[in-house]
Amino acid sequence: MLETDLGCTDFVQFQDAIELASELMDEGHPNSAKGAAESALSLWHGTPYDELTAYSFAALEATRLDQLRLRGLQIWADAALKLHQHDEVIERLGEEVRRNPMQERLAGRLMLAQYHSGQPAKALLTYEHIRSYLAAELGVDASTQLQKLHQAVLRKELSIGEPVVVTPDTESMPTPTVETPTSPLPPADERLVGRRAAMARLRMMAEPGSYGRVLLVVGEQGVGKTFLLQAFERELLAAGTEVIWARGKHSTDASELDIWGQVARTSRRCVARPNAMANDEATTEDRSDPAPERRPSYEEVYRAIDKAGRQAPIALFLEDIHYTDSGSLHLLHRLIRETRDPRFTVIATVRDHAVSTNPELQQTLSGILQEDIVDDLLLTPFPRAGSEAVITSLCGMDVSSDEISNLHRLTGGNPFLLTRMALSLTPEVDSHTLRRQLPFRVKVVVRGRLAECPPDALAVVEVCAVIGTVVEPRLLSSVLHLLGVPVDAVHSALRSGLIRSCVADNNLTFAQELVRDLVLTDMSPTRRVELHHLVSRVRTASGAGGAASLEAVLRGRRVALNTGAWGAIRPILELAEQAAKRLPPLWYPFGLR
């Protein structure tokens, strides 16, 4: 058996170097710590155990080593910041933060480096990238520490983080100021491509005389509602408007505040800020949060935002109001109807498919939209030209027209899905490879949408996935009848936004083809064979033929053969034989005769 000294292995040397760098940093030797961290990071090449990821032990060890690498990178960045080597930090952490947006500590170090190198606007953009990712992926805000750093950069408070470098030649120069952007994100930012008109609508809310109005932003999940609000927030803050965020309560966690509890809490904190010109009444009031199980009354909510509004205009950003209960929605309606305070602007977001499946939500929103101060903004997926603009802005390589069309078809122009897929493109990984191996984030989001479907609607989606990319309503209805699924379930599936009806021929298609791919991937082999069997029975009974039918039954036969479900093969073979008889001899080599 071959034996070796563990101390000679690169992973042991890697761990030891990280520990040494940590100790040196704790002892106040940033120069030596930086050198030790660089030595460790130089040993890192590719992904550990890349060929063994199917084994749990290898996946766990690879994750552990990657966390150790991130720790080493943090130590290196801390040492470099201590040494005022901000350009090095920007160069090294920029790509890392882009690939790992959940690493808030690294993002904070990158923001510090950008700020102290005279690039405060880029520091603000880094924060927006992290915050939008966390909101879209996890439904959470950035950490308190990162929010404080963001406010420090935004409000020119230099007491947070490393001191500004002062060299002998620049000692008498004034402290750099924060250049707060007052325009939309630069065109290079892919998520605002195609959203100029929407941003213009949001800006109208901040024009003189427009405060006190309400805007309802509607669109499917991932269409970019939250990101637009975050970009708009930056402009409002620069103009002196206080922005209060709150999110509809999706979880059943009893300790989580509902949307108006969040509004009341944040409003009190605005009043309580040390730099706020708080009056005696604000100083002595009770700022304790309401009990999570109790929704604040209309009077409590109005009192809280009224006191915050005495210091600055207020913009309420209410996200995902479709997750709130009827009481919270009625409170919103009353606030809109009775307050009409020019100091307050309300912008709320809602998913359109959630409205179509919730009659109570439809009724309440109908009442809200009838108010004369309320307007709505519908965000739709990108057309093919918009998808091309996004992909071009994202990819540092030439992307062919066919690849752009494939990605647009796979994602349906949904900005989130399109962005995630485009970022995964490399010279080695094309759209066909991505279709077989969807990015993890894409799978999580799509599975989340599928999990929200009622069982009958999900059955419709599964049958559609098995039938193909284009689904004839008559065929679908017949298969659903054999399954015992009511035909009304088709309408429920349509309202979910996962499938849609073509105006020209009434056939059904998937809004995003990658949804169909994932449904088929997640479906058990037994379930797939069962559905293929039923589709074959319906086709056989209807005497369907032609190349399209032949392709469908051949696909069913392959599924049955691969799973050993011999009972499902006979009707599929019978249909294939019937279809083959209607085709020219060119098809015969396929073994059907």
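Anything mentioned here points back to the structure above.
Here goes a summary of the coordinates provided. (Residues numbered from 1 in each chain as written. Predicted model: local features only at pLDDT ≥ 70, side-chain atom pairs only at ≥ 80, totals over all residues. Heavy atoms only, no water.)

Glancing now at the overall build of the protein. A tally of helices and strands in the protein yields 27 helices and seven strands. Every one of the 593 residues in the protein was classed for burial, and the buried ones make up 48%. Within the protein, counting contacts between residues at least 6 apart in sequence, those at least 24 apart form 73% of the total. When the accessible surface of the protein is split by element, carbon and sulfur atoms take 52% of a total near 29100 Å². (Helix = DSSP H or I, 4+ residues; strand = E, 2+ residues; numbered from the N terminus. Buried < 20%, exposed > 50% of the residue type's maximum accessible area, 1.4 Å probe, protein only. Contact = heavy atoms within 4.5 Å. Areas by Shrake-Rupley, 256 points an atom, 1.4 Å probe, with all protein chains shown as cover.)

Helical geometry: 3.6 residues make up each α-helical turn, so side chains three or four residues apart lie on a common side. In this model helix H5 (residues 104–116) runs 18 Å from its N-terminal to its C-terminal C-alpha over 13 residues, within 8% of the 18 Å that 1.5 Å per residue would give. Judged by how many residues are buried, H5 sits mostly within the fold: 11 of 13 residues are covered. Just downstream of H5 lies Gly-118, where phi reads positive at about 85°. (Expected span 1.5 Å × (residues − 1).)

So, on to unusual backbone geometry. Of note, His-84 is a non-glycine position whose phi angle comes to about 60°, a positive value. Here His-84 shows up in the loop between helix H3 (56–82) and helix H4 (86–99). The exposure class assigned to His-84 is partly exposed, which follows from its relative accessible area of 37%.

Turning to empty space enclosed by the protein, a few remarks are in order. Summed over all chains, the structure comprises seven cavities of 30 Å³ or more. What the largest cavity holds in volume is close to 100 Å³. Lining the largest cavity are 14 residues; nearest its centre among them are Leu-335, Thr-339, Arg-340, Phe-344 and Val-346. A per-class count over the lining of the largest cavity returns eight nonpolar, three polar and three charged. What the second largest cavity holds in volume is close to 70 Å³. Gln-221, Gly-222, Asn-414, Phe-416, Leu-417, Val-445, Val-446, Arg-449, Leu-498, Gln-512 and Val-515 are the residues that line the second largest cavity. For the lining of the second largest cavity, the elements supplying multiple residues, two or more each, are helix H18 (415–423) and helix H20 (440–451). Examining the composition of the lining of the second largest cavity, we find that three residues originate from one element, H20, more than from any other. Looking at the lining of the second largest cavity, its residues break down into six nonpolar, four polar and one charged. (1 Å grid on protein atoms, 1.4 Å probe; cavity = no way out; pocket = protein on both sides within 12 Å on 5 of 7 lines; lining within 4 Å. Points joined across faces, edges and corners; volume = space filled by probe spheres on them. Nonpolar A, V, L, I, M, F, W, Y, C, P; charged D, E, K, R; others polar.)

Successive side chains on a regular strand alternate, one facing one side of the sheet and the next facing the other. The element strand S4 (residues 344–351) is extensively covered by neighbouring structure, given that eight of its eight residues are classed as buried. What you see with S4 is no split at all: Phe-344, Val-346, Ala-348 and Val-350 on one side and Thr-345, Ile-347, Thr-349 and Arg-351 on the other are buried throughout. With six bridges connecting them, strand S1 (residues 214–219) and S4 associate as parallel partners. Its bridge partner being in S4, Val-218 is matched across the sheet by Val-350. Sheet topology note: the strand S3 (residues 314–319)/S4 ladder contains five bridges and is parallel. Residue pairing for S4: Leu-316 is matched across the bridge by Val-346. (Pairing = 2+ DSSP bridges.)

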